[in-house]
Protein chains: 2
Amino acid sequence: MNSSSQMKDNTNEKEFINCVYNKLVKYITEPKSKRRLSKFQQPDSLKEQLNLQLDKEGQDYDTLLSICDTVIQNSVNTGHPLFLNQLFGKIDNVSLIGTWLTSALNTSQYTFEVAPVFTLIENSILKHMSLKIGYNDCDAIFCPGGSISNMYALNLARSYKYPNVKTVGMNNIPKIAIFLSEQAHYSFSKGASFLGFGLNAMYKIRCGENGIIIMDDFKLKIKKAQEDGYEPAIVIAVAGTTVTGAFDPIREMSQVCKQYNMWLHVDACHGGCALLSTKYKHLLDGIELSDSVAWNCHKILGAAFQCCAFFTCHKTLLKRTHSASATYLFQTDKCYDVSYDTGDSSIQCGRVVDGFKLWLMWKREGDLGLEKRVDYILSLAEYLTNELGKKSHFKILIPKPQYVNVCFWYIPEKLCEMDQNSEQYKDILSKVAPYVKRKMMTNGTCMVGYQPLYTHVNFFRFVISHTLASLESIDMFINLIEKYGEEFNSEINF
Amino acid sequence: MNSSSQMKDNTNEKEFINCVYNKLVKYITEPKSKRRLSKFQQPDSLKEQLNLQLDKEGQDYDTLLSICDTVIQNSVNTGHPLFLNQLFGKIDNVSLIGTWLTSALNTSQYTFEVAPVFTLIENSILKHMSLKIGYNDCDAIFCPGGSISNMYALNLARSYKYPNVKTVGMNNIPKIAIFLSEQAHYSFSKGASFLGFGLNAMYKIRCGENGIIIMDDFKLKIKKAQEDGYEPAIVIAVAGTTVTGAFDPIREMSQVCKQYNMWLHVDACHGGCALLSTKYKHLLDGIELSDSVAWNCHKILGAAFQCCAFFTCHKTLLKRTHSASATYLFQTDKCYDVSYDTGDSSIQCGRVVDGFKLWLMWKREGDLGLEKRVDYILSLAEYLTNELGKKSHFKILIPKPQYVNVCFWYIPEKLCEMDQNSEQYKDILSKVAPYVKRKMMTNGTCMVGYQPLYTHVNFFRFVISHTLASLESIDMFINLIEKYGEEFNSEINF
């Protein structure tokens, strides 16, 4: 039975599919700058345009087509060269086709039985990536997001030290501490809570102005934790912080970890792709000495969102830690080698196929194509930093770009002569970025993030991922900041 | 820069996209039974057919096309009427188009800023579903899988009782117990470990032969937990167990929960869709009295895999429990009402758009179309049960079908006169299902699950989801079991 509602349709299913396909293929292949970046509307106003209500009766395909149009037109064009808002952007079209294929085949990655091809492909791409890390033999799996990858690290580290924690719980093992950069991703806070460590178990290591941890403070924090009755157990090295793109010194940290018998996890969700570049892989020097790594490929590589891999050099630990051996799924008397069933390495049951879209893109590009992609993106960030350095109205947080992140302020003319330490200066400066952002969004010209940090008031955080951007579009970005910044300046009233 | 490798291509990108699209559209619109269900090969043999290796140089589009062909041909045709192996099956084509659209638009669901339309649509579909549950006001979110939804329930329940657990961890709150059916899904074991409760905190309630919990045993287990020094805190009612499709008595359980001030979570991942049917919603009687619900729509409804929603009647608790308030993402001085940013309700950072594909399908079908779908699928399970009951070589585990699950044995002729309690009988019977399954897989004719349970040796577990199946295909299924079962019989040697 085809249980679709039995209404009269002027358009049939195939025509509907074709029409949406044509819209989408136009969307992904046309020059991205041709289409407005966004058409920002306040939630209430947008609601009026969308027919959100679900009813007893179904709708015909023509209505659905018109809905798809409205959705496309009112969504953010994340492939636009001036979408500089998040750690993802333009989707790689081959990777997109990979997701279309896996969606159409509608299966779960838990057993070889129902995902034979995708199991072998997942193994293949993870093995290829693990060699870039420098792990000779390892266990690895795709996760629904880097945050969950980071949580896998916390769980494995705990289980490695106290294998019985799986059974007895956190109540019955000693208090263990997690050491991490104060600029580490917020997923570790979420993880520390979710996994039952508690936020108090996190010892945040102070960073220099560049966002890299201060090794002396790391050692102080270990002492502090011990004084507090915690056992030093887990260390996070960040390879590419979210805000400033800083890389912690993995090799040095690894020595401390050895000394205290601590697990070293590298959060390379953001910075992992530097491993593909001869020029930049030194940023992750020592990563092969770690116990685990989280690495996302939907960020600067442009694989379809979301594409996150977790690796550990401790073969079999994923399965030992996460397994529940459900008899309805992981029968031991199957007609093939059941070590190919990956489901018990995951905390999930059903698991979306995330490996194929990356593998297919990698097939297309080869190592060299992806290396070129990484180098190109990093060159754009460098270009921006240099250009901003030449301009008097811009002040850069970190003079040398550390990755694809460039953090800076636009200083309005009227502030130039003011005391930078005065409250009034800070107050006015903090309003520049939200003002400029609002202008950008309402005009649909550009999107870029901003935020405060420590004593620093709101600054812009430029980030760039796989992109159709060029030096010209970086210039356009600067021009836009200047334009809206001047508008802000003219509106300042003392 | 379009950073694809600069090789000579006979096919260009648009042609490549079109060719894959044509293959996929054929795949999803042709009669599903026309295409073989599977072409099972052992891993090593399959590896030889896939060119798994990734190289320095990239490949041309023609190679990619041939890869896509091989992938499609060697994957399991989960839309086939005789794919009866998992709790998902034929994808709804409108829902598939929904995923194609969201993939192409490549965004994350964490802020209204980058997902304005999808935020409103997620709110809309979750609200619509929550009214089916009977929650008047609630908080809800899509999760990457029902397992993670169930873990959300454990975390919220813990945090509701001990709000400071987020900060102080499991070490510093009393030991709390989780009560659940011994037939509850294995994700609770995974969750109890992952969240730091430990497996020992789980008190498994015995079930009757039908897979429904025995209320008296529930009460005994509460006493037992208290004796062990645990505080009774969390109760799971299963609405549709994985193996037998049993529904626990939610209303009755809710009374016990009130008495002990325990959180009641309904795991309706499998059975939630019965809420859409006037005829079957009584199965979840009392669900509106629960504290939280997990409900998957990629199962019998046929939404694209994976589509899992979590609901709690405790408004704001998701955000209170999961928030980390990252300043780079959740600025408080944005130009819109930031309560529309859903990211801090999740344990994820980036989150795939899972609501749209369901909402679009629901638009198409309406409540009535989906109700018809549920009723139809359940009627097929009922038909199978009735047919098997007429045949002497079949023995059914639970005479009355409880949902879409039908568990049964095929009894080979040579066993019919044997003592059913003898070890030889059990040993031979346990081999029937693996034998039949192997035959089905190597012939690519059908896929159905099997497993042991308690003292029961391997039986078949038939399950059915949104499907193109008909009474005729159910007959074909029975015929196949008989055919391979007879082959098994002829090979038995005493």
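Quantities reported herein were computed from a predicted structural model and do not represent experimental measurements.

### Focus on the overall build of chain A
And step 1. Along chain A, the regular secondary structure elements total 14 helices and 12 strands.
And step 2. For 494 residues, the compact-globule estimate of 2.2 N^0.38 gives 23 Å, and the C-alpha radius of gyration of chain A, at 25 Å, lies within 12% of that figure.
And step 3. Summarising its shape, the C-alpha atoms of chain A cover approximately 75 × 75 × 45 Å along the three principal directions.
And step 4. Expressed as a percentage of its 494 residues, the buried residues of chain A come to 68%.
And step 5. For chain A, contacts bridging at least 24 residues in sequence account for 73% of all contacts bridging at least 6.
And step 6. If you average the places of the 52 positive and of the 51 negative side-chain charges in chain A, the two averages end up 1 Å apart.

### Here we look at the sheet that holds strand β9 (residues 394-396) of chain B
Residues and elements named next belong to chain B.
And step 1. Taking strand neighbours across the sheet as the criterion, the 5 strands line up as β1-β11-β12-β10-β9 in an open arrangement whose pairing is mixed. Edge strands, defined here as strands with exactly one partner in the open sheet, are β1 (83-84) and β9.
And step 2. The pairing of β1 with strand β11 (residues 447-453) spans 2 bridges and is parallel. Each residue of the ladder has a partner; that of Leu84, found in β11, is Val448.
And step 3. This element, helix α13 (residues 423-443), spans β10 (406-410), β11 and β12 (456-462) of the sheet and lies at about 30° to β12.
And step 4. Helix-sheet contacts for helix α14 (residues 471-491) involve β1, β9, β10, β11 and β12, and the interaxial angle to β10 is about 30°.

### Overview of the interface of chain B and chain A
And step 1. On the side of chain A, 164 residues touch chain B, which itself brings 164 residues to the contact.
And step 2. Taken over both partners, the interface formed by chain B and chain A buries close to 14200 Å², and the fraction arising from carbon and sulfur atoms is 62%.
And step 3. Taken together, chain B and chain A are joined by 6 salt bridges.
And step 4. The salt bridge partner of Arg364 of chain B is Asp9 of chain A, with a shortest N-O separation of 2.8 Å.
And step 5. Where chain B packs against chain A, one counts 84 residue pairs in polar contact (both at pLDDT 80 or more).
And step 6. When residues in the side of chain B that touches chain A are grouped by element, the largest group, 14 residues, is from helix α12 (residues 355-389) of chain B.
And step 7. A per-class count over the side of chain B that touches chain A returns 82 nonpolar, 53 polar and 29 charged.

### Looking at the packing of aromatic side chains
And step 1. Scanning the model with the defined rule gives 57 aromatic pairs over all chains in all.
And step 2. Ring centres 5.4 Å apart and planes at 75° place the aromatic pair Phe394 of chain A and Tyr410 of chain A in the edge-to-face group. Linking Phe394 of chain A in strand β9 (residues 394-396) with Tyr410 of chain A in strand β10 (residues 406-410), this pair joins segments that are 16 residues apart in sequence. Here Phe394 of chain A matches Tyr410 of chain A in class, with each residue buried.
And step 3. One aromatic cluster is present, formed by Tyr152, Phe194 and Phe310 of chain A together with Tyr152, Phe194 and Phe310 of chain B through successive ring pairs.
And step 4. Positioned over the ring face of Tyr61 of chain B is Arg364 of chain A, at 3.7 Å from the centre of the ring.

### Some thoughts on the relation of the copies chain B and chain A
And step 1. Rotating chain B by 180° about the axis while translating it 0.0 Å along that axis superimposes it on chain A, leaving an RMSD of 0.0 Å. The two molecules are tied by a two-fold rotation axis, judged by turn and shift.
And step 2. Here 100% of the contact residues of chain B are again contact residues in chain A; the copies associate through an equivalent surface.

### What about the nonpolar core?
And step 1. Within the largest apolar cluster, 386 residues are counted, with the highest numbers of intra-cluster contacts made by Phe477 of chain A together with Phe477 of chain B.
And step 2. With 16 residues, α12 of chain B is the single largest residue contributor to this core.
And step 3. Discounting chain neighbours no more than four positions away, the residues touching Phe477 of chain A are Leu82, Leu84, Leu384, Phe408, Met440, Cys446, Val448 and Phe462 of chain A.

### Description of the UniProt feature "modified residue: N6-(pyridoxal phosphate)lysine" (unreviewed entry) in chain A
All names here are of chain A.
And step 1. UniProt records the feature "modified residue: N6-(pyridoxal phosphate)lysine" (unreviewed entry) for Lys299 in the present numbering.
And step 2. Relative to the elements of secondary structure, Lys299 occurs in the loop between β7 (292-296) and β8 (308-312).
And step 3. With residues near it in sequence (within four places) discarded, Lys299 still touches Leu87, Phe88, Cys269, His270, Ser465 and His466.

### Considering the side chain of Asn77 of chain B
Residues and elements named next belong to chain B.
And step 1. One can find Asn77 in the loop between α3 (61-74) and β1.
And step 2. We classify Asn77 as buried; its relative accessible area is 1%.
And step 3. One polar contact links the side chain of Asn77 to the main-chain carbonyl oxygen of Arg35, over a distance of 3.2 Å.

Analysis parameters
Residues numbered from 1 in each chain as written. Chains lettered and ligands numbered in written order. Predicted model: local features only at pLDDT ≥ 70, side-chain atom pairs only at ≥ 80, totals over all residues. Heavy atoms only, no water. Helix = DSSP H or I, 4+ residues; strand = E, 2+ residues; numbered from the N terminus. Rg over C-alpha atoms; globule rule 2.2 N^0.38 Å. Buried < 20%, exposed > 50% of the residue type's maximum accessible area, 1.4 Å probe, protein only. Contact = heavy atoms within 4.5 Å. Lys, Arg positive; Asp, Glu negative; His and termini not counted. Charge placed at Lys NZ, Arg CZ, Asp CG, Glu CD. Pairing = 2+ DSSP bridges. Axes fitted to C-alpha atoms, helices over the stretch in contact; angles between N-to-C directions. Buried area = accessible area lost by both parts, 1.4 Å probe. Salt bridge = Lys/Arg side-chain N within 4 Å of Asp/Glu carboxyl O. Polar contact = N/O pair within 3.5 Å; in protein donor to acceptor, adjacent residues only side chain to side chain. Nonpolar A, V, L, I, M, F, W, Y, C, P; charged D, E, K, R; others polar. Phe/Tyr/Trp six-rings, centres within 6.5 Å; stacked < 30°, edge-to-face > 60°. Lys NZ or Arg CZ within 6 Å of the ring centre and 35° of its normal. Least-squares fit on C-alpha atoms with pLDDT ≥ 70 in both. Core = buried A, V, L, I, M, F, W, Y, C linked by side-chain atoms within 4.5 Å. UniProt positions renumbered as here; feature names shortened; annotations may be inferred.

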